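# Structural overview
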Amino acid sequence: MNENGMFGAKGSGDTSGFGGLVNTVANIGSTERPFGGYFDQVADDLERAYPLFSDAIEKVVVDRGELTLFIKRDRLFDVAKILRDQLKFEMCMGVNGVHYPTESGRELHAVYSLISITRNQRIRLEICVSEKDSHLPSLVEIWAGANWHERETYDMFGIIFDNHPGLTRILMPDDWPGHPQRKDYPLGGIDIEYKGATVPAPSQRRSY
Amino acid sequence: MTTFTDPYASSQETTEGRVYSVTGGDWDSLVTEIGATKEERVVLNMGPQHPSTHGVLRLVLELDGETITETRCGIGYLHTGIEKNTEYRNWTQGVTFVTRMDYLSPIFNETAYCLGVEKLLGITNDVTERATVIRVMMMEFNRISSHMVALGTGALELGALSPMIFAFREREKVLDIFEMVSGLRMNMAYVRPGGVAQDLPAGALSKIRQTVKDLRHNFKDNEKLLIGNSIWIKRTQGIGYLDLAGCTTLGITGPVLRSTGLAWDLRKAQPYCGYEDYQFDIPTTDSCDVYGRFLIRMQELEQSLRIIEQCVVKLEKLEGQPVMVADKKIAWPSQLSVGADGMGNSLNHIREIMGESMEALIHHFKLVTEGFRVPAGQVYTAIESPRGELGVHLVSDGGTRPYRVHFRDPSFNNLQSTAAMCEGGQIADVIAAVASIDPVMGGVDR
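As its UniProt record puts it under Sequence similarities (unreviewed entry), chain B is described as follows: "Belongs to the complex I 49 kDa subunit family."

Turning to chain A, the UniProt record has this under Sequence similarities (unreviewed entry): "Belongs to the complex I 30 kDa subunit family."

## Describing the overall build of chain B
On a plain count of helices and strands, chain B comes out with 18 helices and twelve strands. Relative to its length of 446 residues, chain B is compact, with a C-alpha radius of gyration of 24 Å against a globular reference of 22 Å. In terms of overall dimensions, chain B has C-alpha extents of about 85 × 45 × 40 Å along its principal axes. Expressed as a percentage of its 446 residues, the buried residues of chain B come to 60%. Long-range pairs, those at least 24 residues apart, make up 69% of the contacts in chain B with a sequence separation of at least 6. Where the 43 positive side-chain charges of chain B centre and where its 55 negative ones centre are 5 Å apart.

## Examining the overall build of chain A
Of the regular secondary structure elements, chain A holds four helices and nine strands. N-terminal to C-terminal, the α/β element order of chain A is α-α-β-β-α-β-β-β-β-α-β-β-β. Buried positions account for 50% of the 208 residues belonging to chain A. Counting contacts in chain A only where the partners sit at least 6 residues apart, residues at least 24 apart contribute 51% of the total. Of the roughly 10,200 Å² of accessible surface on chain A, 50% is carried by carbon and sulfur atoms.

## Remarks on the packing of aromatic side chains
Taken as a whole, this structure holds eight aromatic pairs over all chains when the rule is applied. Ring geometry for A:Tyr100 against B:Tyr403: centres 5.4 Å apart, planes inclined by 20 degrees, an arrangement best described as stacked. Taken as a pair, A:Tyr100 in the loop between strand E3 (91-99) and strand E4 (108-116) and B:Tyr403 in the loop between strand E11 (388-396) and strand E12 (404-408) lie in two separate chains rather than in one. The pair A:Tyr100 / B:Tyr403 is uniform in exposure class, with both members buried.

## Considerations on the domain arrangement of chain B
Residues and elements named next belong to chain B. Per the domain assignment, the segments making up chain B are domain 1 (9-72), domain 2 (80-329 + 371-443) and domain 3 (330-370). Between the C-alpha centres of domain 1 and domain 2 the distance comes to 35 Å. Each side of the interface is counted separately: domain 1 has 17 residues, and domain 2 has 18 residues. For the pair domain 1 and domain 2, the interface holds zero salt bridges.

## Comments concerning a nonpolar patch on the surface
On the surface, a cluster of nonpolar side chains totalling about 410 Å² of accessible area is made up of A:Ile190, A:Ile192, A:Tyr194 and A:Val199. Checked against the element boundaries, A:Tyr194 lands in strand E8 (residues 192-194).

## Considerations on the interface of chain B and chain A
Note: interface size is frequently given as the accessible area lost on complex formation between the parts. Between chain B and chain A, the residue contacts involve 58 residues of the former and 61 residues of the latter. Here chain B meets chain A over a buried area of about 5,100 Å², counting both sides, of which 54% is carbon and sulfur. Remark: the boundary between chain B and chain A carries four salt bridges. Between B:Lys119 and A:Glu66 there is a salt bridge, and its shortest N-O distance comes to 2.6 Å.

## Some details on the side chain of B:Arg297
Residues and elements named next belong to chain B. Counting through the fold element by element, Arg297 comes out in helix H12 (residues 290-317). No salt bridge is formed by the buried Arg297; its nearest oppositely charged neighbour, Asp438, is found at 4.3 Å. At a separation of 3.0 Å, a polar atom in the side chain of Arg297 contacts the main-chain carbonyl oxygen of Ser436. In this view, Arg297 contacts His147, Ala150, Leu151, Pro255, Ala435, Ser436, Ile437 and Asp438; residues no more than four positions away in its chain are not counted.

## Some details on the nonpolar core
With 165 residues, the main nonpolar core has A:Tyr112 and B:Tyr190 as its most contacted residues. Dropping the residues within four chain positions of it, B:Tyr190 is found in contact with B:Ile107, B:Glu110, B:Ile134, B:Met138, B:Val181, B:Ser182, B:Val196, B:Ala197, B:Gln198 and B:Leu200. One finds A:Val98, A:Tyr100, B:Val395 and B:Tyr403 within the second-largest nonpolar core, a separate group that totals five residues.

## Digging into the pattern of salt bridges
Residues and elements named next belong to chain B. Tallying each qualifying case throughout the model produces 36 salt bridges over all chains. Residue Glu83 pairs with Arg446 through a salt bridge whose shortest N-O separation is 2.9 Å. Separated by 363 residues along the polypeptide, Glu83 in helix H2 (residues 82-86) and Arg446 in the segment after helix H18 (441-445) bring together distant segments of the chain. Pair check on accessibility: Glu83 and Arg446 agree, each one buried. A salt bridge links Glu384 to Arg258, with the nearest nitrogen and oxygen atoms 2.9 Å apart. A residue pair is termed long-range when its members are at least 10 positions apart, and Glu384 in strand E10 (residues 377-385) and Arg258 in helix H10 (residues 255-258) qualify at 126 residues. For Glu384, a relative accessible area of 1% gives the class buried.

## A word on the sheet that holds E12(B)
All names here are of chain B. The sheet built from three strands is open, its strands ordered E10-E11-E12 with antiparallel pairing. Single-partner strands in this sheet number two, and they are E10 and E12. Adjacent strand axes in the sheet meet at a mean angle of 15 degrees when their direction is disregarded. Of the pairings in the sheet, the one linking E10 to E11 comprises nine bridges and is antiparallel in character. Considered in E11, the bridge of Ile383 is made with Leu390. Across the sheet, helix H4 (residues 106-121) is in contact with E10, E11 and E12; its angle to E10 comes to roughly 150 degrees.

Rules used throughout
Residues numbered from 1 in each chain as written. Chains lettered and ligands numbered in written order. Predicted model: local features only at pLDDT ≥ 70, side-chain atom pairs only at ≥ 80, totals over all residues. Heavy atoms only, no water. UniProt positions renumbered as here; feature names shortened; annotations may be inferred. Helix = DSSP H or I, 4+ residues; strand = E, 2+ residues; numbered from the N terminus. Rg over C-alpha atoms; globule rule 2.2 N^0.38 Å. Buried < 20%, exposed > 50% of the residue type's maximum accessible area, 1.4 Å probe, protein only. Contact = heavy atoms within 4.5 Å. Lys, Arg positive; Asp, Glu negative; His and termini not counted. Charge placed at Lys NZ, Arg CZ, Asp CG, Glu CD. Areas by Shrake-Rupley, 256 points an atom, 1.4 Å probe, with all protein chains shown as cover. Phe/Tyr/Trp six-rings, centres within 6.5 Å; stacked < 30°, edge-to-face > 60°. Domains from an automatic or database assignment. Salt bridge = Lys/Arg side-chain N within 4 Å of Asp/Glu carboxyl O. Patch = residues over 30% accessible without salt bridge, like charges linked within 9 Å, V, L, I, M, F, W, Y side chains within 5 Å. Buried area = accessible area lost by both parts, 1.4 Å probe. Polar contact = N/O pair within 3.5 Å; in protein donor to acceptor, adjacent residues only side chain to side chain. Core = buried A, V, L, I, M, F, W, Y, C linked by side-chain atoms within 4.5 Å. Pairing = 2+ DSSP bridges. Axes fitted to C-alpha atoms, helices over the stretch in contact; angles between N-to-C directions.

So this is what it looks like as structure tokens:
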């Protein structure tokens, strides 16, 4: 974590917003063992139950007391099944997307949150796919509750979940063009005139 | 067929077959007309404006006589793009947006969001105890007001009018507390990253104590009306069955999960906001039906009152403690107070920044217009809302605005169980089953 003064100013100290400040998404590196807490136990159990562990897991990140397993797309279904059946992660709290347009080849991330009632533990799975080939295996067969969450992620990000029983838009109208939560999708909104001055639309306002 | 033609209940031929439009009125003519057709299978479109579907929920029911063979939900009618909007506002402004998602549990939305922001900032342990206790107290009051709507509208939808009158009477008392504390009755934006917007006003604790007493007394009215009531039992017992296996595969949490006998409540299982320091029980039933969920909600009211009483005792001891983190780079600079029209700036603060300290003015201006920076990373925080696990997934790129805000709303997830609860049952039982899930469409569609 960098300390850049009170308002994070760099260089000239211009925080007016006119300096064209560009935020880059920090890529948190992978964590080495020991992970701490119950995370080592989860990793050990998974390694034992799944011989292809080292091949399936791209990296493990422990940040702010939460465990994230980055999983290769091709192995996601197998890992998820083992997590449910052998590691007792009975519930999938859902999936949602995050769009990182600057990470070329890995623009779209799908983030799953799993919970185990037996172990009283939580883990997170993250899978990265490219915008051009945004296919993921559907996990509805493993956790039926992932159904609507996958539909929402498809609707909002355009991630296609293969073998989903009915992958249609869920929140937006069926004929809606585009995927609204992608970063290149405009927020919309119009300038508002108020007492002679103009207040720009939220997406056109200065950001710092 | 009657000779009478109803302009609002007509029929027309489509490629999918004959479509009948009914908006209330004379059902006899419709039944006669449908009875005359050779079609056995009827698809009934309930909603999105049907008063019994809990807001703008659309249910597509395939019927064989009165029996439901297939159920599908149509949602999205209340989608407002709140998650997208928060990406264009600073972290503190986000509270104002997320509070409007599940409009019956605004304090839960705010708290879940703020716990996430605090975790990203790494200031979870810096939040003062007084702020945390106020949050807990407000959450438990909110649980009561939310359960009151669940019970009141649920009963209303099954044809029982009086429980609704009682429930809304009690809810009004809770909303009065919200108004006294935050200045607003709903969508308060009261919980802020780092604490709460303002301290309790003078005399608040005695009013809260009186309200707890009144509520405990008044809850008996609905208990007497409904618990053991044979009509109520006939409409709810054995209806909307969903067992533990169904709940786990569908990711169902909250009263629906606890009606299967599993005492899973995040306040006990994975405590947050210091819930481990409070004495309370997790009510469960093992009937897996609408009646069981109703009983759980009734019993949770008493447990919430118990927690509030313990909060009041704690707050008396913590009198004078700040309600916001000490770090002035995060704490909102103005000291707010409740005015005649809701929350407002305190005059003392305005005097300071306008007349006394230029630096205070600059600091105020920059923090409010730019906001604070949140270190990059992602967190998932979950709390037990009245409807189950309310999860917030926050991603920060290190800037003054959220990179991604996602709410895992329990209503959205739990509504998936409609088909499992309704198929094979009767039309009238759909209403009871949906009411027992207690979906709030603002949270479902966000």
